[in-house]
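Structural overview for review
Chain residues, written in single-letter form:
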Amino acid sequence: MARVLVCYGSSEGQTAKIADHIGDVLSEASHDVVLSTAKYPPSALTSSEFAYDGVVIGASIHKGSHQGYVEEFVREYVDGLNRVPSAFFSVSLSAAKSSPEARSESDGYLREFVAETDWEPDLTHAVAGALKYSEYGFLTRFVMKRIAGTEGLDTDTDHDYEYTDWEDVETFAIEFEELVSTRAT
Ligand SMILES: Cc1cc2nc3c(=O)[nH]c(=O)nc-3n(C[C@H](O)[C@H](O)[C@H](O)COP(=O)(O)O)c2cc1C
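Remember, it's a predicted structure, so these values are computed and weren't measured experimentally. (Residues numbered from 1 in each chain as written. Predicted model: local features only at pLDDT ≥ 70, side-chain atom pairs only at ≥ 80, totals over all residues. Heavy atoms only, no water.)

With respect to a nonpolar patch on the surface
Nonpolar side chains collect at one region of the surface, where Phe-138, Leu-139, Phe-142, Val-143 and Ile-147 lie side by side and expose about 530 Å² of accessible area between them. Residue position: Ile-147 is located in helix α5 (residues 138-151). Taking relative accessible area as the criterion, Ile-147 reaches 38% and is therefore assigned partly exposed. (Patch = residues over 30% accessible without salt bridge, like charges linked within 9 Å, V, L, I, M, F, W, Y side chains within 5 Å. Areas by Shrake-Rupley, 256 points an atom, 1.4 Å probe, with all protein chains shown as cover. Salt bridge = Lys/Arg side-chain N within 4 Å of Asp/Glu carboxyl O. Helix = DSSP H or I, 4+ residues; strand = E, 2+ residues; numbered from the N terminus. Buried < 20%, exposed > 50% of the residue type's maximum accessible area, 1.4 Å probe, protein only.)

Observations concerning the pairing of strand β6 (residues 123-128)
Pairing of strand β5 (residues 86-92) with β6 involves 6 bridges; the strand directions are parallel. Of the residues in β6, the one forming a bridge with Phe-88 is Thr-124. With respect to chirality, the unit in which β5 leads through helix α4 (residues 100-117) into the neighbouring parallel β6 is right-handed. (Pairing = 2+ DSSP bridges. Right-handed = clockwise from strand over helix to strand, strands pointing away.)

Brief notes about the site of the ligand
Of all residues adjacent to the ligand, which total 21 residues, the nearest are Ser-10, Thr-15, Ile-61, Ser-94 and Ala-130. A distance of 2.6 Å separates an oxygen atom of the ligand from a polar atom in the side chain of Ser-10. Val-91 places a polar main-chain atom, nitrogen or oxygen, 3.5 Å from an oxygen atom of the ligand. For the ligand, the accessible surface in isolation is 650 Å², of which the surrounding protein chains cover 89%. Element by element, the count of residues in the shell around the ligand is highest for strand β3 (residues 54-62), at 3 residues. In the shell around the ligand, the residues fall into 7 nonpolar, 12 polar and 2 charged. (Near = heavy atom within 4 Å. Polar contact = N/O pair within 3.5 Å; in protein donor to acceptor, adjacent residues only side chain to side chain. Nonpolar A, V, L, I, M, F, W, Y, C, P; charged D, E, K, R; others polar.)

Focus: the nonpolar core
It is characteristic of soluble globular proteins that their nonpolar side chains tend to be buried jointly. Residues Leu-5, Phe-50, Val-55, Ile-57, Phe-73 and Trp-119 are the most contacted members of the largest nonpolar core, which totals 23 residues. Among the secondary structure elements, those contributing two or more residues to this core are β1 (3-8), β3, α2 (68-76), α3 (78-81) and α4. Among all residues touching Phe-73, those that are not within four sequence positions of it are Leu-5, Cys-7, Ala-38, Pro-41, Leu-45 and Ile-57. Val-6, Val-25, Leu-26 and Ala-87 belong to the second largest nonpolar core, which has 20 residues in total. (Core = buried A, V, L, I, M, F, W, Y, C linked by side-chain atoms within 4.5 Å. Contact = heavy atoms within 4.5 Å.)

Quick look at the packing of α2 against α4
Interaxial distance between α2 and α4 falls to 9 Å at its minimum, and their mutual angle equals 45°. One finds that α2 runs oblique with respect to α4. The crossing of α2 and α4 is right-handed. Contacts from Val-70, Glu-71, Val-74 and Arg-75 in α2 reach Phe-113, Glu-116 and Thr-117 in α4. (Axes fitted to C-alpha atoms, helices over the stretch in contact; angles between N-to-C directions. Parallel < 35°, antiparallel > 145°, perpendicular 65-115°, else oblique. Left-handed = near helix turned anticlockwise from the far one by under 90°.)

Concerning the domain arrangement of the protein chain
Assigned domains of the protein chain: these are domain 1 (3-129 + 164-184) and domain 2 (131-163). Just the C-alpha atoms count here: the centres of domain 1 and domain 2 sit 25 Å apart. With 12 residues of domain 1 at the interface, the matching set in domain 2 holds 9 residues. Roughly 900 Å² of surface becomes buried between domain 1 and domain 2 when both sides are summed, with 53% attributable to carbon and sulfur atoms. Among the residues domain 1 hides against domain 2, the three largest losses belong to Glu-12, Leu-93 and Lys-97. Together they make up 58% of the total. (Domains from an automatic or database assignment. Buried area = accessible area lost by both parts, 1.4 Å probe.)

Considerations on the packing of aromatic side chains
Applying the stated criterion to the full structure yields 6 aromatic pairs. Relative to Phe-113, the ring of Phe-88 lies with its centre 4.3 Å away and its plane at 15°, an arrangement referred to as stacked. Of this pair, Phe-88 sits in strand β5 while Phe-113 sits in helix α4, placing them 25 residues apart in sequence. Residue Phe-113 is classed as buried on the basis of its relative accessible area of 2%. Where Phe-88 meets Trp-119, the ring centres are 5.7 Å apart and the plane angle is 65°; that geometry is what we call edge-to-face. Within this pair, whereas Phe-88 is found in strand β5, its partner Trp-119 is found in the loop between α4 and β6, the two being separated by 31 residues in sequence. For the pair formed by Phe-88 and Trp-119, the shared burial category is buried. Taken together, the aromatic side chains of Phe-88, Phe-113 and Trp-119 make up a single cluster linked through ring pairs. (Phe/Tyr/Trp six-rings, centres within 6.5 Å; stacked < 30°, edge-to-face > 60°.)

The structure is reproduced here in C-alpha cells:
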C-alpha cells in the first residue's frame, strides 16, 4: 500500500470531480489516498519531510493558463515531487476535440506547465472538461456560448455539458497506480 496525494486546482468543479474519481480508483487498489485542493495543501509536504509515495496533480485551463496557485504549489514542492512517481493532468475544452489543432493546443498546455515548473512528472494527460453554463456569470456565459459555437460544442445555456471521458480518466489512474505499485516493491 502506498500513500498517495491527489491535489488539484479547479474553478468550476470539474477538475475536482476528476481528481476525486482518480482518488477512488487508487483507493480501490488499496492505496491510502489524500485528496486536497492545491489552494490549501496538506501538511507533511516540505521537501525534507515529503510524506507521500506518489502524487497526482490536476489543473484546468482558463484563458490559456492553469490556476496560478497550482503552479506555485508545484514550484514549492518540486524537489519532493521529482523524488516519487508523479503524474499531471490538464483539463480543458481543447481536449474535448479530436482535431489535430485542438490536440496540439491541449498538449501545448501540458508541455508549458511542466517546462515552467521544472517538474518531471512520469505521466501527463490532457482530459476533456465541461461547459457549466449554470455556474457562469452573465458575461462569461455569453463569451463561452460564442466560443462553444465556433468550436462546434454545445450552446444551449439552459444546460451544463460534461465532455470528460471517464474511461479515459480510469485508464490514466490505473497506469499511475501500476507505476506506484511497481516503485513501491
Ligand atoms: C472563463 C473560461 C475560460 C476558459 N478558457 C479556456 C481556454 O483558453 N482553453 C480551453 O481549452 N478551455 C478553456 N475553458 C474551459 C475549461 O478548461 C473547462 O470548462 C474545464 O472543465 C474547467 O475545469 P474546472 O471546472 O475544474 O475549472 C475555459 C472556461 C472558462 C469558464
